[in-house]
Amino acid sequence: MSSLFELSVSALKGVGAVKAKLFSKLNINSVGELLYHFPREYEDWSKPVPISQVQGGELCCVRGKLSATMRESRLPGNRFMVRAEVSDGFDAMRLVFFNNKYITSMLKYDTEYLFYGKASKDLSGVQMVSPEFRVFKNDEPSMHPVYALTAGLTNKAVQNAVKQALELLPQKVSDPIPEDIRNEYGLCGLREAIVNIHSPASPSALARARQRLAAEEFLVLSLGLRVLRGKNTRRKGSNIKVDYTEDFLNLLPFKPTGAQLRAMGDCTRDMLHSVSPMNRLVQGDVGSGKTAIAACACYNMAKNGKQAAFMAPTEILAEQHFATLSKLFSNTDVKLGLLTGSCTASAKKEIRRKLSEGEIDIIVGTHALITDKTIFMSLGLAVTDEQHRFGVSQRSKLLAKGETPHLLVMSATPIPRTLALIVYGDLDISIVDEIPPGRQPIDTLLISSDKRHRAYGFIRKEIDKGNAAYIVCPLVEEDESDLMAAEEYAAELMLKEFSDYAVGIIHGKMKYSEKEKTMAAFAAGELDLLVATTVIEVGVDVPRSTIMMIENAERFGLSQLHQLRGRVGRGEGKSYCIMVSDSTSENTQRRLSVMCSTTDGFKIADEDLKLRGPGDFFGERQHGLPKLSIAEFSDMDSLSLSQAMAEDIISESPDLSDDKYKGLRGAVKRLFKDTEGTMN
Ligand code: ADP
Ligand code: MG
């Protein structure tokens, strides 16, 4: 198997330079990678339906023979179409193919075919446009794989390539999971799994294949994270000598919560005493006050004569942190800097010079911090905020800016405890499970859209009290006409319901400077109502906003809704969250009702996991882990199974150096290949 990872896909028939390039867009360069490009779903060709029972608008399979002569006609612009007719013995269906000059020679009369495609139905009968087809044979596997594609690469081309790749699989495939472990955990062999994932002999064979491959994927992930952790803990850190936490607490404008104090203590202890650099995740719900914890660690590092970098995923957030820290440290000798993509070239240059010459102690910034041009004099601490927005590789790029800097990552996405060990296998965790006093719980309600106008009235009342409001719409995407485009929506509000109020809009397609201006105006009280897409999701803090309305709430995941809702209830005033949804799906209703019954992010995460399974969690890529290809078909059981396997293996061979684990070592390397510098 491992040699197939060295064989280029262009070795396959029908894959020339052009196709190879398309494959590489899908991250497939070798035959091995192709075999690990698992189908997204399967078309079921096993149950052809009679034409009389075809449902318009749905994918279906029809079995039949051509029943009329094929006719070709020219279309404007050098295009043409071929019309055909098939009969299943009782009824007929029309077929249309566009610009396919081979059709007339490919389709034979008197041969029975299966046609698969989306059918349409109207007064003139049933029709399929450009269906897939193949000669009907009784013994053919009936589940056809559907692959993730890229423009120019058809499913058929991938199927053909995979078919050849499967033929190249040796009879005895070296399996990364050693046989004794496989037997112990009841997993099928790799060869069987790979063959059946691409070309399932039966639904149960497919299930076995998925179980085995998902287990392997989680195993590799979990081993990788553990090995990474092992590596990190072996290096000696840039430890601090003096604890300045007391000083810091005197600068804070509020009394820290117990949970904040504990987390600050964890960080200081790591940086003072540990034999290896800190590798810590601070996980706390939105509004639990994580910024102060990061600020404390940065202050400690700065006062000990080394630099700290505080990286945020968006410019708005970086700006906000910079403002917070500037205020906090205004009467100290700690020197701050801000570096984001939208600083002018000369400003960037100046900041970078200061950084490299040690004239800045704490730099706040975005991804601009990890570009090659940014050089630190002596980076002692790297902090990443909202770490689920960063990849493992970005984290390690920031770390590579110093000799052995400490690492602090912060996340406001509570994740179920059962998943934490896997997702953050490489980190120590401090949990901030206390909300600063004086906050009132947010009242959350779910309404249908016919109540929207009453909700607007309620929002106006809140604004009249001097508060501010958000209305959140799903993504601005002009081509998704069913979504309310935020722009149009805002314009409508300005003209009608909120014509006497100052309404602003913010969305992902705006230029940064515009976003920033709008956000600043909102924070300063110049705007009463902000219509927003999810760009406000991450960490933006405006205490006077007390009400949020979320349109099409069913389109958001629970964790995302929770994040959004965290934008209100940040001050002392009573806050509200109104979710608007007309969805009648039972699952959606259940999900949204969880939001109404609790504001505890950890509880919400647990419910989310129960309702959606771990697959969705890994599918969303909200955690900065490498991309997994099959995890979405997994369940909690396969996850725990992989954990147990990983523990067995690590206890036997902590760094996987044992020859028995050569295959797993290779797989770990492949999965984490973007994590430069951390693995070797
Ligand atoms: P998050 O954990 O979501 O990043 P922030 O650090 O942005 O939370 O804090 C949210 C708000 O709570 C800020 O306005 C901050 O000043 C305030 N805050 C943080 N800790 C406390 C505290 N212990 N007492 C009162 N207010 C606090
Ligand atoms: Mg925050």
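What you are looking at is a predicted structure, and each value in this text was computed from that prediction instead of being measured.

## Focus on the packing of helix H9 (residues 258–273) against helix H10 (residues 290–303)
Here comes step 1: One way to put it is that H9 packs onto H10 with a least axis distance of 9 Å and a crossing angle of 30°. On the basis of the axis angle, H9 is roughly parallel to H10. When the axes of H9 and H10 are compared, the crossing they make is right-handed. Together, Gln260, Ala263, Met264, Cys267, Thr268 and Met271 of H9 and Ala292, Ile293, Cys296, Ala297, Asn300 and Met301 of H10 make up the contact between the two elements.
Here comes step 2: When the residues that make up the contact of H9 with H10 are grouped by side-chain class, the tally is nine nonpolar, three polar and no charged.

## Remarks on the site of ligand 1
Here comes step 1: The immediate surroundings of ligand 1 are formed by 16 residues, with Gly287, Lys290, Thr291, Arg439 and Asp541 found nearest.
Here comes step 2: Lys255 is positioned with one of its backbone polar atoms (N or O) 2.9 Å from a nitrogen atom of ligand 1.
Here comes step 3: Thr291 has a polar side-chain atom sitting 2.6 Å from an oxygen atom of ligand 1.
Here comes step 4: Protein contacts shield 82% of the accessible area of ligand 1, which totals 570 Å² for the unbound molecule.
Here comes step 5: In terms of residue class, the shell around ligand 1 is made up of four nonpolar, six polar and six charged.

## Some details on the domain arrangement of the protein chain
Here comes step 1: By domain assignment, the protein chain separates into domain 1 (2–41 + 150–201), domain 2 (47–141), domain 3 (245–432) and domain 4 (443–598).
Here comes step 2: Using only C-alpha atoms to locate each centre, domain 1 and domain 4 end up separated by 45 Å.

## Considering the environment of Ile360
Here comes step 1: Inspection of the secondary structure assignment puts Ile360 in the loop between helix H12 (345–356) and strand E13 (362–365).
Here comes step 2: Once the C-alpha coordinates of Ile360 and Thr111 are considered, the two residues, 249 residues apart in sequence, prove to be 78 Å apart.
Here comes step 3: Excluding residues within four positions of it along the chain, Ile360 makes contact with Gln307, Lys335, Leu336, Gly337, Ile351, Lys354 and Leu355.

## Re unusual backbone geometry
Here comes step 1: With a phi angle near 65°, Asp110 is a residue other than glycine that sits in the positive phi range.
Here comes step 2: As for its placement among the helices and strands, Asp110 is situated in the loop between helix H3 (103–106) and strand E6 (113–122).
Here comes step 3: Accessibility expressed as a relative area gives 69% for Asp110, which makes it exposed.
Here comes step 4: Located in the positive-phi region is Leu656, a residue other than glycine, with phi close to 60°.
Here comes step 5: Checked against the element boundaries, Leu656 lands in the loop between helix H21 (636–652) and helix H22 (662–671).
Here comes step 6: For Leu656, a relative accessible area of 1% corresponds to the buried category.

The rules behind each value
Residues numbered from 1 in each chain as written. Chains lettered and ligands numbered in written order. Predicted model: local features only at pLDDT ≥ 70, side-chain atom pairs only at ≥ 80, totals over all residues. Heavy atoms only, no water. Axes fitted to C-alpha atoms, helices over the stretch in contact; angles between N-to-C directions. Helix = DSSP H or I, 4+ residues; strand = E, 2+ residues; numbered from the N terminus. Parallel < 35°, antiparallel > 145°, perpendicular 65-115°, else oblique. Left-handed = near helix turned anticlockwise from the far one by under 90°. Contact = heavy atoms within 4.5 Å. Nonpolar A, V, L, I, M, F, W, Y, C, P; charged D, E, K, R; others polar. Near = heavy atom within 4 Å. Polar contact = N/O pair within 3.5 Å; in protein donor to acceptor, adjacent residues only side chain to side chain. Areas by Shrake-Rupley, 256 points an atom, 1.4 Å probe, with all protein chains shown as cover. Domains from an automatic or database assignment. Buried < 20%, exposed > 50% of the residue type's maximum accessible area, 1.4 Å probe, protein only.

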